[in-house]
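In case you want the letters, here they are:
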Amino acid sequence: MDSLIVVINKIQDILASAKITTFELPQIVVVGEQSSGKSSVLESIVKMDFLPRGNNIVTRRPLILQLHNIFDKKEERRKKSKEKKNEIRLEAERPWGEFLHQKGKKYYNFEKIRQEIKDETERIAKGKEISSKPIRLSIYSKDTVNLTLVDLPGLTNNPIGNQKKDLPERIYKMVTQFASNPRALILCVIPSNIDIANSRAYKLAKTIDPDSERTLAILTKVDLMDEGTNVRDIINGKVLPLRYGYVPVVNRSQKQVDNNVTVKKAIKLEKKYFQNHPSYQDISDRCGTKYLSKTLSKLFIKRIEIFLPEVRRKVTTNKIKWEEQLKTFGQSKIDGNKNTLLMTLIFDFSKKFSALIDGVDLYEDEHLKFLQGGSRINHIFYEIFTNFIKDIDPLQGLTEKELILLMKNSKGTKKTLFIPDKTFEILVKNKIENFRVPCQNCVKIVFRELDSIITTKIKIEKLNRFLVLKEKIIQKSQNYLNSLLEPCIVFVNQIVDSESAFINLNHPDFKKPTDHINRISSNNNDTNGNGNNTTNNNNNPNVSNNQQIYSHRNIKKTSPIKFIDMLNDYPTNRNWQLDIKNTLTMPNNIKDFSIQKYEKQEIKLLKNLLMNYMKIVKIKLIDTIPKIIMFFLVNKLKDNLQNFLIEKIYQPKKIDILLAENPEIERERKNCERKVHAYQKAEKILSQDFSRILNIIEN
Ligand code: GDP
Ligand code: MG
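- The protein chain has the name Vacuolar protein sorting-associated protein in an unreviewed UniProt entry, where Anaeramoeba flamelloides is given as its organism.
- As stated in UniProt under Sequence similarities (unreviewed entry), the record for the protein chain gives "Belongs to the TRAFAC class dynamin-like GTPase superfamily. Dynamin/Fzo/YdjA family."

Shown next as structure tokens:
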């Protein structure tokens, strides 16, 4: 195999092992005058003949040739196993090309590729024009390496025919631009039958690369030199010395091209030419395409070495990056006792739950953005529930006529001047019933809050590794929570029931406006027993009570809307509004009543009494319901969760199933380990100097 191919393949192996795909290998850029043999040189280097050649200015646009080796080793094995299928072999063995301007259209024939280059040149640069717009062509072959070659228009002194005057300058600029790329190896093509000192290509290369660090000179057309002249002095560095010297070559003549002499054949003829030529016999091993290829390889390696520190840095950076990543996955083996680990994870979970409820777990960011855990429950009690209960209007939906009807019905046939206890009790019981659903809803909202803490709010990094266990813990916690709901609701119902079971008219806080009663009841028959308050406050009998209930509300007047918004995800919350409308329903036939004057006073009194009594009930519920919820739901869960989980989950026989690792994390860790390993290996290889690296790869 050609030495350049060997070298580039090795380098690519190194880069692949170093996981470096972005590293740009040196490009090979040809610089030379028109018809100096640039395209011919490129062809003999890659041993493929597909470039248009000729004595005129043929190359008029930069041609960026991307050579691709289509066989990676895996692919080769796969293809080998299919070798009997003839077409595949044929297609694979025949190199083919693809132009960027015609992506998807493949060429299986060099003749066609050559024609396409010509056509595409003509399309942009008509006639004898030139253009700096490159043609990009990919060549795929199993005989080539991944390498980029740039064929360029030839340098010229004077425009020919009707070419524009600035043409030479434009070509010079274009060539300079490509050759200035520090990754470019400059192939300075000089025909032997001219005076080297006057070679524009030589001058340009010297300008761009004064120390000739990346310039290799090629003397073409040695066969066309005048008899008796040769390039020995130049080769021996006696004329214009160059760091990497001059390589004489004999490429195909136009006649040979026309007679379809292949590049490979021409290289054989070239070898014979130098071996048999009296001027070159003794130095024939330093002549010809084969030697050119070897020298180019050396230059290639030298250039790579310059960029090697950069590659090393990249490898090290990547290695560190993946090592860090690997650390985040934790150890692959579970260290120590699995039973202890299981217990610890359960313990951590219940501890975290308690912390969220008690509000001591304050080191996470989220605490700065949202109400969390316990504070949300607190908010449910003191903002949502409390305000909702306070806002229930006991008189809502009660018309005066309905009240009269109620009074009339409960008096029955008797004609008394009192408001009968029974009337009042019926009314109160009915109104108390309106509190039942809001109280139940309060339980349900707290229940959901707890459920959401269990399912989404408890974040334990270690637990993510063990999905089975995580699921189990969540599921069992939910089971326990579910079991607590029913008793809590039952108790809340009982509280509401007990409120309506006995209307305590002797409650110390129940203010009865006795003055009204006195005025209505001429008998002054104090059925309430506890009448005759010393208060003489007729107009506003319950100022103190009013203030007591509503002062708290007023202070926080602005907050509830905002807070309620936060709990909008609870549909039940909205239902409260509907529930309250479910008020007392009264008989319909009340149209015919006309209200008497004394009755108006009775109604006023009745309303007052109702308001007063309901305030007592409200205060009671606002106080009691949260206590019940805390006792039956929150505290029970918090106090018993850990034991419940251990009892339900911990089974020594099932420990391996419970601690099975999350397969995704397992996969990611393996991938990570592979990467770290690859980079460590690459780093080790790259720590050597390059010639030793090449040896390592070879063996
Ligand atoms: P470019 O314009 O620099 O790309 O030059 P080409 O590669 O197109 O070559 C110009 C002409 O010179 C073509 O007809 C080639 O066949 C011919 N040619 C190139 N190199 C040699 C050589 O070493 N010997 C001979 N006899 N002809 C050559
Ligand atoms: Mg050319």
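### Structural notes on the site of ligand 1
Okay, so step 1: The environment of ligand 1 is formed by 18 residues, the closest being K38, S40, D223, N251 and Q254.
Okay, so step 2: Residue S35 places a main-chain N or O atom 3.0 Å away from an oxygen atom belonging to ligand 1.
Okay, so step 3: Between an oxygen atom of ligand 1 and a main-chain N or O atom of G37, the distance comes to 3.0 Å.
Okay, so step 4: If ligand 1 stood free it would expose 570 Å²; the protein chains cover 97% of that surface.
Okay, so step 5: Of the residues forming the shell around ligand 1, the biggest block, three residues, is contributed by helix α2 (residues 38–46).
Okay, so step 6: Considering only residue class, the shell around ligand 1 consists of two nonpolar, 10 polar and six charged.

### Some points on the pattern of salt bridges
Okay, so step 1: Evaluation of the coordinates by the stated rule reveals 20 salt bridges.
Okay, so step 2: Ionic pairing is found between R232 and D282, a salt bridge with its closest N-O pair at 2.7 Å. Taken as a pair, R232 in helix α8 (residues 232–235) and D282 in the loop between α10 (263–276) and α11 (288–328) lie far apart in primary sequence, 50 residues in all.
Okay, so step 3: Here the salt bridges do not stand alone but share partners, grouping R61, E120 and R123 into one network.

### Section: α10
Okay, so step 1: Compared with an ideal rise of 1.5 Å per residue, which puts 14 residues at 20 Å, α10 spans 20 Å between its outermost C-alpha atoms and is within 8% of the ideal.
Okay, so step 2: Considered for burial, the residues of α10 that qualify are V263, A266, I267, E270 and F274. In a view along the axis of α10, the buried residues occupy a sector of 100°, so they form one face of it. Residues of α10 that are exposed and point more than 90 degrees away from the buried face comprise K268, K271, K272 and N276.
Okay, so step 3: In this structure, the buried residues of α10 make contact with α2, β9 (246–248) and α11.

### Digging into the coordination of the magnesium ion (ligand 2)
Okay, so step 1: Coordination of the magnesium ion (ligand 2) by the protein is provided by S39 (OG) and T59 (OG1), with metal-donor distances spanning 2.2 to 2.3 Å. Separated by 20 residues along the polypeptide, S39 in helix α2 and T59 in the loop between α2 and β2 (63–69) bring together distant segments of the chain. As far as the burial class goes, S39 and T59 line up, both buried.

### Topic: unusual backbone geometry
Okay, so step 1: A positive phi angle is found at K221, which is not glycine, with a value near 55°.
Okay, so step 2: Inspection of the secondary structure assignment puts K221 in the loop between β8 (215–220) and α8.
Okay, so step 3: With a relative accessible area of 23%, K221 lands in the partly exposed category.
Okay, so step 4: A positive phi angle, close to 60°, is found at N260, a residue other than glycine.
Okay, so step 5: The class of N260 is exposed, set by a relative accessible area of 66%.

### Comments concerning the packing of aromatic side chains
Okay, so step 1: Under the definition given, this model contains nine aromatic pairs.
Okay, so step 2: Seen in terms of ring centroids, F424 and F510 are 5.9 Å apart; in terms of plane orientation they differ by 25°. Their pairing is stacked. Highlighted residues: F424 in helix α15 (residues 421–433) and F510 in the loop between α17 (467–501) and α18 (514–520), separated in sequence by 86 residues.
Okay, so step 3: On the accessibility criterion, F510 (4% relative accessible area) is buried.
Okay, so step 4: Aromatic pair F491 and F632: ring centres 4.9 Å apart, planes at 35°, arrangement tilted. Here F632 lies in helix α22 (residues 597–649) and F491 lies in helix α17, a separation of 141 residues in the sequence.
Okay, so step 5: Take F491: its relative accessible area is 31%, and that puts it in the partly exposed class.
Okay, so step 6: You can call F632 buried: its relative accessible area is 15%.
Okay, so step 7: Directly above the aromatic system of F307 lies the positively charged group of R183, at a separation of 3.8 Å from the ring centroid.

About the thresholds
- Residues numbered from 1 in each chain as written.
- Chains lettered and ligands numbered in written order.
- Predicted model: local features only at pLDDT ≥ 70, side-chain atom pairs only at ≥ 80, totals over all residues.
- Heavy atoms only, no water.
- UniProt positions renumbered as here; feature names shortened; annotations may be inferred.
- Near = heavy atom within 4 Å.
- Polar contact = N/O pair within 3.5 Å; in protein donor to acceptor, adjacent residues only side chain to side chain.
- Areas by Shrake-Rupley, 256 points an atom, 1.4 Å probe, with all protein chains shown as cover.
- Helix = DSSP H or I, 4+ residues; strand = E, 2+ residues; numbered from the N terminus.
- Nonpolar A, V, L, I, M, F, W, Y, C, P; charged D, E, K, R; others polar.
- Salt bridge = Lys/Arg side-chain N within 4 Å of Asp/Glu carboxyl O.
- Expected span 1.5 Å × (residues − 1).
- Buried < 20%, exposed > 50% of the residue type's maximum accessible area, 1.4 Å probe, protein only.
- Arc of directions from axis to C-beta.
- Contact = heavy atoms within 4.5 Å.
- Donors = N, O, S within 2.8 Å, 3.2 Å for Na, K, Ca; no water.
- Phe/Tyr/Trp six-rings, centres within 6.5 Å; stacked < 30°, edge-to-face > 60°.
- Lys NZ or Arg CZ within 6 Å of the ring centre and 35° of its normal.

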